[in-house]
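# What the coordinates show
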Amino acid sequence: MTAARSRALYLDYAASTPVDPAVAQCVNDALVSEEGVANPASAHPAGRAAAARIEAARETLATAIGADAREIIWTSGATEADNLAVLGGARMQRARGRGHRVVTVATEHDAVLAACERLAREGFAVTRLLPDSDGYLAPDALAEVLGDDVALVSVMSINNETGVIQDGPALGELAHASGALMHVDAAQGMAEWPERLADRPVDLVSLSAHKWYGPPGVGALWRRLEPRARLEPVIIGGGQETGLRAGTPALHQIVGMAEAFRLGSQRRAVDQAHIARLRERLEQGLAGIGGLVRNGRRDGSARILNVSVAGVHGDALRTALGGELTVSAGSACSSREGVPSHVLQAMGRPEALAAAALRISLGRELSEVQIDAAVAAMVRVIAQLRGPSPAWRHMQAGASVAELYGMADEPVLVA
Amino acid sequence: MADREGGWWSRLSHVGGPVDASGYRVAEIGGLSDGLWVVAWVQINDEVIADARFEVYGALEALAIADWLAARIIGHARQAACRINARDALDALGLPAEAGGDALRIEDALRLALSCDAIGGSYEH
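Everything in this summary refers to the structure shown in the same document. (Residues numbered from 1 in each chain as written. Chains lettered and ligands numbered in written order. Predicted model: local features only at pLDDT ≥ 70, side-chain atom pairs only at ≥ 80, totals over all residues. Heavy atoms only, no water.)

## Quick word on the overall build of chain A
- Secondary structure assignment for chain A yields 16 helices and twelve strands.
- In terms of overall dimensions, chain A is globule-like: its C-alpha atoms have a radius of gyration of 22 Å, near the 22 Å expected for 415 residues.
- For chain A, the residues scored as buried account for 58% of the 415 residues in total.
- Sequence-distant contacts in chain A: of pairs separated by 6 or more residues, those separated by 24 or more amount to 74%.
- Approximately 15900 Å² of chain A is accessible, and the part contributed by carbon and sulfur atoms is 51%.
- Taken as two groups, the 40 positive and 47 negative side-chain charges of chain A have centres that lie 3 Å from each other. (Helix = DSSP H or I, 4+ residues; strand = E, 2+ residues; numbered from the N terminus. Rg over C-alpha atoms; globule rule 2.2 N^0.38 Å. Buried < 20%, exposed > 50% of the residue type's maximum accessible area, 1.4 Å probe, protein only. Contact = heavy atoms within 4.5 Å. Areas by Shrake-Rupley, 256 points an atom, 1.4 Å probe, with all protein chains shown as cover. Lys, Arg positive; Asp, Glu negative; His and termini not counted. Charge placed at Lys NZ, Arg CZ, Asp CG, Glu CD.)

Put into structure tokens, the structure is as follows:
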């Protein structure tokens, strides 16, 4: 499988992974099959065959994540799953007299934050917690704001920009103790989540296919049935997905997602070990550069490393690296807007430092040779850009990152 | 800049501070939070620009403009250098109009280093 679609080495797996060839074959086969033509809602034999394929895929996905097939709701992706969980979950909770406040974290994906803003316009109170400067949300911080007025708590498992892993079990237990639904955006999480989903203290979990070698345009929301996490549908106009998500399901994408998750869960441990080795090599290679601010934690996801390059302008950095490495400034969903990441700013990074961030995310087909090439490119380009930078001159003369960027505390560097 | 080869920014001759700063006039504009930080260094001998260099924290376009500007004034009289228009760099380098703001600020740093106001070298943009 070739991850790179251009001459530049692809290191943006957190934005999207290449479709596994076996999955692509599966998608193509479904697309041209007899049942692929039919609408699964149709009563004729072809329609029933299509519906049966979707149900088989539902079973496959459920087995891969350790859940009951009836708990799977197909969506167009994790964004829609987030919307359905947050909007649908909170609205239903309020309708049942179970709270009128939602609690989330300022570092969540926009799919959750924007849904929370929508709820605020509908009269919900919204509490957005700030994480520590390393992006971690201490469970105590959640405990302090919980109460019986909280309808829903939404905290992602692995941050898509920083790779920070939250203490999901502790946060979920706290949410449940207060009577709130617990939603987890696990778009980045399933590759590193070996436990059965049903064994976790969660009620709603958003899944994405294209973050785990599946096709883009499909995802799922897992929702617990015992005890039942009740939802109000967001997309209406049909009875599909037990009335919770209207619209003709995309059979070929659904089959592809199920196959991607089946394959991914089988090779999860092997892939994780390989990526952990690559990450170690990457960190060791970058440590000598100096002045790389770690945006995240050393114990975060091995797949995602986010660093801010002190002394270098963000635009210059990404333009200069762009011909050799495909990396991003942060979430692909917002980086085109050219504004510094809301995640890094919520972690207290000054705008100039947040703007100089690079998210390097790793995938299973990368080799150590490619990691070495990426390190060499970064070492060279950063040195070239720091050479004429007055900011870097000040740092060489002894100024710390905190002094230069006006921060209260010295940030943690990659070393 | 679109037709430039990759890595061209590493081959600019006039960006980066002087190895030996003695005898240079220096002026500084901007900062990290402005998105552009420019330090202009000029060496003037008998009212002629002997050397000009720029330290730049900014986008690659800013580096290219600074380098172009320095190359244009070296060897010229200080008064003539004060009349240079950095926006001309946009056409010369094929840069978008959005780079005009950076060009003006780089020019401001240069004019400060040259003490243009003191010698009446101002002009209308």
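We are not done yet, so read on.
## Topic: the nonpolar core
- If you look at the biggest cluster of nonpolar residues, it comprises 121 residues, and the most contacted ones within it are A:Ile65, A:Val153, A:Leu207 and B:Phe54.
- If you tally residues by element for this core, the top one is helix α1 (residues 60–73) of chain B, at ten residues.
- In contact with A:Val153, not counting residues within four places along its chain, are A:Val103, A:Leu142, A:Leu146, A:Ala175, A:Ala180, A:Leu181, A:Met182 and A:His183. (Core = buried A, V, L, I, M, F, W, Y, C linked by side-chain atoms within 4.5 Å.)

## Some details on the packing of helix α10 (residues 314–322) of chain A against helix α14 (residues 368–386) of chain A
Residues and elements named next belong to chain A.
- Contact pair α10 / α14: the axes reach a minimum separation of 10 Å and the direction vectors enclose 135°. Regarding the angle of α10 to α14, the classification is oblique. You can see that α10 and α14 cross each other, and the crossing is right-handed. Residues Ala-316, Leu-317, Ala-320 and Leu-321 of α10 pack against Ala-377, Met-378, Val-381, Ile-382 and Leu-385 of α14. (Axes fitted to C-alpha atoms, helices over the stretch in contact; angles between N-to-C directions. Parallel < 35°, antiparallel > 145°, perpendicular 65-115°, else oblique. Left-handed = near helix turned anticlockwise from the far one by under 90°.)

## Side note on the state of the cysteines
Residue and element names in this part refer to chain B.
- For the structure shown, the criterion picks out one disulfide over all chains.
- Here Cys-82 pairs with Cys-116 through a disulfide, and the sulfurs are 2.0 Å apart. Disulfide Cys-82-Cys-116: the torsion about the S-S bond is -90°, which places it as left-handed. With Cys-82 in the loop between α2 (78–81) and α3 (88–93) and Cys-116 in the segment after α4 (100–114), this pair connects stretches of sequence that are 34 residues apart. Comparing Cys-82 with Cys-116, the two get one shared label, buried. (Disulfide = S-S within 2.5 Å.)

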